[in-house]
Amino acid sequence: MVKIGPIELPDFPLLLAPMEDVSDPPFRTLCKEQGADVMYTEFISSEGLIRDAAKSVMKLDIYEKERPVGIQIFGAELDSMLQAIDIVTATKPDIIDINFGCPVKKVVCKNAGAGILRDIPLMVKLTEAMVKRTHLPVTVKTRLGWDHDSIKIVEVAERLQDVGIQAISIHGRTRVQMYKGQADWKPIAAVKNNPRMHIPVFGNGDVDSPEAAVRMRDDYGLDGAMIGRASIGYPWFFREVKHYFETGEHLPPPDMMARVEAARRHLEMSIAWKGEKLGVLETRRHYTNYFKGIPNFKPYRMRMVTSDDAADVFAAFDEALEVFGDHVFA
Ligand SMILES: Cc1cc2nc3c(=O)[nH]c(=O)nc-3n(C[C@H](O)[C@H](O)[C@H](O)COP(=O)(O)O)c2cc1C
């Protein structure tokens, strides 16, 4: 059994990665239904939270049915981070996650996200203060290091554990790599193999098939997998990985009916949660994967991703089901 603080999880849990404008409550609901064990919210700016910016505050919303859920925050100013911890603690998630991995320029230039990998003492100091500030388990998500020559993730993970974090998720790339190349899981395995480590070490980066998840578990010995891009427009990924773990066999992919139903519910929940305009806009990025590999689907997809009118998108779902209902997915 794997434990994040008091939270008991099954062996080799699957975690939904925090993803901006993706890991929102509607999408998390679909992933939970398909077997994801832990949810993380998209990252939330500590500065935005303490200014009470509406967009940041809305991201604190969690549904009871998705627990255990972690709220992820980012920032680099101790005072703002502590105030943000208080605000997040009051909303009662199960976990608070600190983002020390975001590679985006506007975040790292303020030393937040992966920027802090250039100042490990500051990273440890901030973490210690945040752990002390809340009764909730604190976890960290980070990358291997700033660049290839400065990878010290074994030492960093141990120091973060020593100041009280309850789990660490590591994306097997450096900040300089951004998303290029292949994620390297060897340094993550080195963290796990450090005899002083006793908290769960979760691997992240390029878990894009059930076989990859098995490699992460069996060849690299990690405690669980955090899954990002493979789940976008494909929440069934979690169920498929679990089925493969249990049986060594692949589940058949969902049929057109299941895909249209998921897309419809996704859009309905998004509209209910953030209103028609944003709901229509932000669900768009999922449609390509929901309907991947259907020949001659382009006119329908174009309608789904360009129409501003929810009724028109729902009508496109219905028509697509009528026309492509028999399509057999590979
Ligand atoms: C659209 C998108 C948004 C992301 N937003 C966040 C975020 O808010 N916080 C974070 O820690 N990582 C974020 N990430 C990084 C992912 O959590 C993950 O580390 C990365 O995609 C590698 O995992 P994967 O290969 O399974 O996608 C984002 C990634 C994507 C593709």
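Residues numbered from 1 in each chain as written. Predicted model: local features only at pLDDT ≥ 70, side-chain atom pairs only at ≥ 80, totals over all residues. Heavy atoms only, no water.

**Q** What's the story with the packing of helix α12 (residues 276-290) against helix α13 (residues 298-306) in this structure? I'm lost.
**A** In helix packing, the relevant descriptors are the interaxial angle and the interaxial distance, both defined with respect to the helix axes. It is at 8 Å that the axes of α12 and α13 come closest, and there the two elements cross at 165°. Between α12 and α13, the crossing angle belongs to the class labelled roughly antiparallel. Crossing geometry of α12 relative to α13 is assigned as right-handed. Within the contact between the two elements, α12 uses Arg284, Tyr287 and Thr288 and α13 uses Arg301, Met304, Val305 and Thr306. Residues of the contact of α12 with α13, tallied by class, amount to three nonpolar, two polar and two charged. (Axes fitted to C-alpha atoms, helices over the stretch in contact; angles between N-to-C directions. Helix = DSSP H or I, 4+ residues; strand = E, 2+ residues; numbered from the N terminus. Parallel < 35°, antiparallel > 145°, perpendicular 65-115°, else oblique. Left-handed = near helix turned anticlockwise from the far one by under 90°. Contact = heavy atoms within 4.5 Å. Nonpolar A, V, L, I, M, F, W, Y, C, P; charged D, E, K, R; others polar.)

**Q** I'm lost on the site of the ligand in this one. Help?
**A** Taken together, 17 residues lie near the ligand, and Glu20, Gln72, Asn204, Asp206 and Arg229 sit nearest. Separating an oxygen atom of the ligand from a backbone N or O atom of aspartate 206 is a distance of 2.7 Å. Glycine 228 has a polar backbone atom sitting 2.9 Å from an oxygen atom of the ligand. Assessed atom by atom at 2 Å from the grid points, the ligand resides in the largest pocket. Split by residue class, the shell around the ligand holds six nonpolar, six polar and five charged. (Near = heavy atom within 4 Å. Polar contact = N/O pair within 3.5 Å; in protein donor to acceptor, adjacent residues only side chain to side chain. 1 Å grid on protein atoms, 1.4 Å probe; cavity = no way out; pocket = protein on both sides within 12 Å on 5 of 7 lines; lining within 4 Å. Sits in = over half its atoms within 2 Å of the grid points.)

**Q** Mind showing me how you'd approach the UniProt feature "binding site: FMN" (unreviewed entry) in the protein here?
**A** Those residues carrying the UniProt feature "binding site: FMN" (unreviewed entry) are Gln72, Lys141, His171, Gly228 and Arg229 in this numbering. In the annotation above, Gln72, Lys141, His171, Gly228 and Arg229 are the residues that line the largest pocket. Here arginine 229 lies in the loop between β10 (224-227) and α10 (237-247). On the accessibility criterion, arginine 229 (43% relative accessible area) is partly exposed. Beyond its immediate stretch of four places on either side in the chain, arginine 229 contacts Met19, Arg173, Tyr179 and Asp206. At 3.2 Å, the side chain of arginine 229 and the side chain of aspartate 206 are in polar contact. (UniProt positions renumbered as here; feature names shortened; annotations may be inferred. Buried < 20%, exposed > 50% of the residue type's maximum accessible area, 1.4 Å probe, protein only.)

**Q** Would you mind going over the nonpolar core with me for this structure?
**A** One recurring pattern in soluble globular proteins is that nonpolar side chains are buried together. Counting 105 residues, the largest nonpolar core has Ile168, Phe291, Met304 and Phe317 as the members making the most contacts within it. Ranked by residues supplied to this core, first place goes to helix α14 (residues 310-324) with seven residues. Looking at which domains feed residues into this core, each of domain 1 (2-247) and domain 2 (256-324) supplies at least three. In this structure isoleucine 168 touches Val140, Thr142, Ala157, Leu160, Met197, Ile199, Pro200, Val201 and Phe202, once residues within four positions along its chain are discounted. Grouped together as the second largest cluster of nonpolar side chains are six residues, Phe43, Ala76, Cys102 and Val107 included. (Core = buried A, V, L, I, M, F, W, Y, C linked by side-chain atoms within 4.5 Å. Domains from an automatic or database assignment.)

**Q** Please clarify how the UniProt feature "active site" (unreviewed entry) in the protein should be interpreted in this entry.
**A** Mapped onto the present numbering, the UniProt feature "active site" (unreviewed entry) falls on Cys102. Along the chain, cysteine 102 falls in the loop between β6 (95-100) and α5 (105-108). By relative accessible area, which is 9% here, cysteine 102 ends up buried. Contact partners of cysteine 102, with chain neighbours within four places excluded, come to Phe43, Val107, Val108, Gly113, Ala114 and Gly115.

**Q** Explain the pattern of salt bridges here, please?
**A** Pairing of side chains with opposite charge becomes possible as their charged atoms draw close. All chains considered together, the criterion is met by 23 salt bridges. A salt bridge links aspartate 94 to arginine 67, with the nearest nitrogen and oxygen atoms 3.1 Å apart. Remark: arginine 67 occurs in the loop between α3 (54-58) and β5 (69-74) and aspartate 94 occurs in the loop between α4 (78-90) and β6; sequence separation between them is 27 residues. Aspartate 94 sits in the buried class, given a relative accessible area of 19%. A relative accessible area of 23% means that arginine 67 is categorised as partly exposed. Between glutamate 319 and arginine 303 there is a salt bridge, with its nearest N and O atoms 3.0 Å apart. Taken together, the positions of glutamate 319 in helix α14 and arginine 303 in helix α13 put the pair 16 residues apart, joining distant regions of the chain. (Salt bridge = Lys/Arg side-chain N within 4 Å of Asp/Glu carboxyl O.)

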